[in-house]
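Here's the letter readout for the chains.
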Amino acid sequence: MINGLKRAAALGAAAVALAAGAVVGTVGTASAAPQDHRPSAGSHHCVRVAGHWVREWQPAFRDRHHHRHPGQWVRVWRPAHKECHHR
């Protein structure tokens, strides 16, 4: 029994050492990569969109009393936001 515990402890220590080495290797590789991943300013176009109502389909569902409610169109308010399109 004691030999089994020693073996388990040794395997656990080896696994921790391998994981620590993998993390250190990954950090070194990530820091060498270029940091700027944004597209150039000329490749996207942003427009401010005013708030508006949108018709959206609400699918059929069963409530907690197992009553079936059919699907229907509902109106949903979309607040003002900015839409950006990449070219």
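The paragraphs below set out a description of the structure included in this document. (Residues numbered from 1 in each chain as written. Predicted model: local features only at pLDDT ≥ 70, side-chain atom pairs only at ≥ 80, totals over all residues. Heavy atoms only, no water.)

A tally of helices and strands in the chain yields one helix and six strands. Shown N-terminal to C-terminal, the secondary structure of the chain runs as helices and strands in the order α-β-β-β-β-β-β. Within the span of the chain, comprising 87 residues, buried residues form 2% of the whole. Considering only contacts within the chain whose residues lie at least 6 apart along the sequence, 54% involve residues at least 24 apart. (Helix = DSSP H or I, 4+ residues; strand = E, 2+ residues; numbered from the N terminus. Buried < 20%, exposed > 50% of the residue type's maximum accessible area, 1.4 Å probe, protein only. Contact = heavy atoms within 4.5 Å.)

Here we come to the state of the cysteines. Using the criterion set out here, one finds one disulfide in the structure. With its sulfur 2.0 Å from that of its partner, C46 forms a disulfide with C84. Its torsion about the S-S bond being 105°, the disulfide of C46 and C84 is classed as right-handed. Here C46, found in strand β1 (residues 44-49), pairs with C84, found in strand β6 (residues 81-86); they are 38 residues apart in sequence, far enough to count as distant. On the basis of relative accessibility, which here comes to 39%, the residue C84 falls in the partly exposed class. (Disulfide = S-S within 2.5 Å.)

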